[in-house]
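The chain contents come next:
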Amino acid sequence: MPDHETWFRFIPNYEVLRAAMEGRLGATWIGKQTLDIQHIGGAMLVLAILATLALMLHRKVADARAAVVPEDRLTVRTFFEVVTEMVLRQMESLMGPKEARVFLPLIGTCAFFILLANSLGMIPGFAPPTANLNTTLGCAAIVVFTAEAYGFKRHGLGYLKEFFGGLGPVFFLTPIPYLVFVIEVVSHLARLLSLSVRLMGNMYSDHTVLGVFLTLVPFVPVFVPLPVQLLGVLVAVVQTAVFCLLSMVYIGLAVGGHEEHEDAHA
């Protein structure tokens, strides 16, 4: 899958750096995509923008008394507040207030990073870092492994009962629990693909379609691709929401499954 050419190709000694990366690292074992400056530079740019916006926001809310009064127009502060409140409310409805506040930093960071990374493809000369499987798989791995780690942290070895279908000791004399275990392990690993491939495929196809329209109408590149760009904005928002919703569900199942069973038995 070829990489899109972006403004990062004008970095001094770009071809030398790209050849060095391809020679030392080669294609990744999954997706067979090259670790290129295109998506790595885009991801670093997104992180730099988020860090800058976070510092600006910190200065605005440093004074707690002044920060109580909301601003009357759309600013960096109001944008962060609106998105954070939306994410928190959705998390509370799916995970409960207690768990929502624990995992808000993780899900909220994913929301801002993916939303900004998806939107980067709307700017001419840039490609969304999320159009590369290496970026999306990294985000998915953090979410899935966090869910499994907190599952064992909250429930101990009892978390393994979920992998055997919660069956009693008698059923371990039959092959059914071991078959269920294999199915559960595969389903948990499939979450990596569920999160990463969906996001990568949608963003890559969206950016490719926009590039095709720009190529077909080189003399009027502003107005003709406008409907496609509007559709791209919708895709960027929807894919961010889908990734975050699935992450909430996976984490909620890991940390809350045993509590629901215990409440039912009580």
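So, how was this worked out
- Sequence order as written defines the numbering, with residues in each chain counted from 1.
- Under the rules for a predicted model, residues below a pLDDT of 70 receive no local features and side-chain atom pairs below 80 are neither given nor counted, while totals for whole chains, interfaces and linings still include all residues.
- In computing side-chain properties, one takes all heavy atoms of the structure into account and sets aside hydrogens as well as water.
- For helices the rule is a DSSP run of H or I covering at least 4 residues; for strands it is a run of E covering at least 2, with both sets numbered from the N terminus onward.
- Accessible area is worked out with a 1.4 Å probe on protein chains only. A residue is then buried under 20% of its type maximum, exposed over 50%, and partly exposed in between.
- Residue-level accessible areas treat just the shown protein chains as cover; the underlying method is Shrake-Rupley with a 1.4 Å probe.
- In this analysis an axis means a line fitted to C-alpha atoms, helices contributing only their contacting stretch, and an angle means the value between N-to-C directions, from 0 to 180 degrees.
- Oblique is the label for any angle not under 35 degrees, not over 145, and not in the 65 to 115 range, which are roughly parallel, roughly antiparallel and roughly perpendicular in turn.
- When checking whether two residues touch, look at their non-hydrogen atoms; a contact exists if any pair is within 4.5 Å.
- What a helix should span is 1.5 Å times the count of its residues minus one.
- Basic side-chain nitrogens of Lys or Arg form a salt bridge, by our definition, when they fall within 4 Å of a carboxyl oxygen of Asp or Glu.
- Put simply, a crossing is left-handed when the front helix is turned counterclockwise from the back one by less than a right angle, and right-handed when it is turned clockwise.
- Residues were grouped as follows: Ala, Val, Leu, Ile, Met, Phe, Trp, Tyr, Cys and Pro as nonpolar; Asp, Glu, Lys and Arg as charged; and all remaining residues, including Gly, as polar.
- To count as a disulfide, a pair of cysteine sulfur atoms needs to be within 2.5 Å.
- Without a salt bridge and with relative accessible area above 30%, a residue can belong to a patch; like charges are then joined within 9 Å and nonpolar side chains (Val, Leu, Ile, Met, Phe, Trp, Tyr) within 5 Å.
- Only four residue types enter the tally: Lys and Arg on the positive side, Asp and Glu on the negative side; His and the chain ends are excluded.

Enquirer: So what exactly am I meant to see when it comes to the overall build of the protein here?
Expert: Looking only at helices and strands, the protein has eight helices and zero strands in total. Listing each helix as α and each strand as β along the protein from the N terminus yields α-α-α-α-α-α-α-α. Within the protein, the fraction of its 266 residues that count as buried is 38%. With the model as given, the accessible surface of the protein reaches about 15,600 Å², and the carbon-plus-sulfur share is 72%.

Enquirer: How should I be thinking about the packing of helix α2 (residues 37–61) against helix α4 (residues 76–95) in this particular structure?
Expert: For any two helices packed against each other, the geometry comes down to the angle between their axes and how far apart the axes lie. Following both chains from N to C, one finds α2 and α4 inclined at 100°, their axes separated by 9 Å at the closest point. One element, α2, and the other, α4, form an angle in the roughly perpendicular class. Contacts between α2 and α4 involve Leu53, Met56, Leu57, Lys60 and Val61 from the first element and Val76, Arg77 and Phe80 from the second.

Enquirer: Can you help me understand α4 in this one?
Expert: Given 3.6 residues per turn, any residue in an α-helix points the same way as the ones three and four places further on. A rise of 1.5 Å per residue sets the reference length of α4, with its 20 residues, at 28 Å; its end C-alpha atoms lie 28 Å apart and thus fit the reference within 8%. Among all positions of α4, only Arg77, Thr78, Phe80, Val83, Val87, Leu88, Met91 and Met95 are buried.

Enquirer: Quick question: what am I supposed to make of the pattern of salt bridges here?
Expert: In a structure, side chains of opposite charge can pair up when their charged atoms sit close to one another. The full count for this structure, using the stated rule, is four salt bridges. One salt bridge in this structure joins Arg77 and Glu81, with 2.8 Å as the shortest N-O distance. You can see Arg77 and its partner Glu81 sitting in helix α4, four residues apart, about one turn around the helix. A salt bridge links Glu148 to Arg191; the nearest nitrogen and oxygen atoms lie 3.8 Å apart. Residue Glu148 is located in helix α6 (residues 133–155), and its partner Arg191 is located in helix α7 (residues 176–216); the two are separated by 43 residues in the primary sequence. With a relative accessible area of 13%, Arg191 lands in the buried category.

Enquirer: How do you make sense of the packing of α4 against helix α5 (residues 97–120) when you look at a structure like this?
Expert: The N-to-C vectors of α4 and α5 enclose an angle of 130°; their axes lie 8 Å apart at closest approach. Relative to α5, α4 is oriented oblique. Along this stretch, α4 crosses α5, giving a crossing that reads as right-handed. Residue-level contacts link Phe79, Phe80, Val83, Thr84, Val87, Leu88, Met91, Glu92 and Met95 of α4 to Pro97, Glu99, Ala100, Arg101, Phe103, Leu104, Ile107, Gly108, Ala111, Phe112 and Leu115 of α5. Classifying every residue of the contact of α4 with α5 by side-chain character gives 15 nonpolar, two polar and three charged.

Enquirer: Sorry, what's going on with the state of the cysteines here?
Expert: A covalent bond bridging the sulfur atoms of two cysteines is what the word disulfide describes. Within this structure, the stated rule accounts for zero disulfides. The thiol of Cys110 is unpaired, and the distance to the nearest cysteine sulfur, on Cys139, comes to 6.0 Å. With a relative accessible area of 10%, Cys110 lands in the buried category. The thiol of Cys244 is unpaired, and the distance to the nearest cysteine sulfur, on Cys110, comes to 6.2 Å.

Enquirer: Just to check I follow, could you spell out a nonpolar patch on the surface for this structure?
Expert: A cluster of nonpolar side chains, contributed by Leu94, Leu245, Val249 and Leu253, occupies part of the molecular surface with about 320 Å² of accessible area. With respect to the secondary-structure elements, Leu253 resides in helix α8 (residues 226–265).

Enquirer: Got a minute to help me understand the side chain of Asp206 in this structure?
Expert: Mapped onto the elements of the fold, Asp206 is located in helix α7. Here Asp206 occupies a buried position and makes no salt bridge, while the nearest side chain of opposite charge, Arg198, is found at 15 Å. Setting aside residues up to four positions removed in sequence, Asp206 forms contacts with Met122, Val228, Leu231, Gly232 and Val235.

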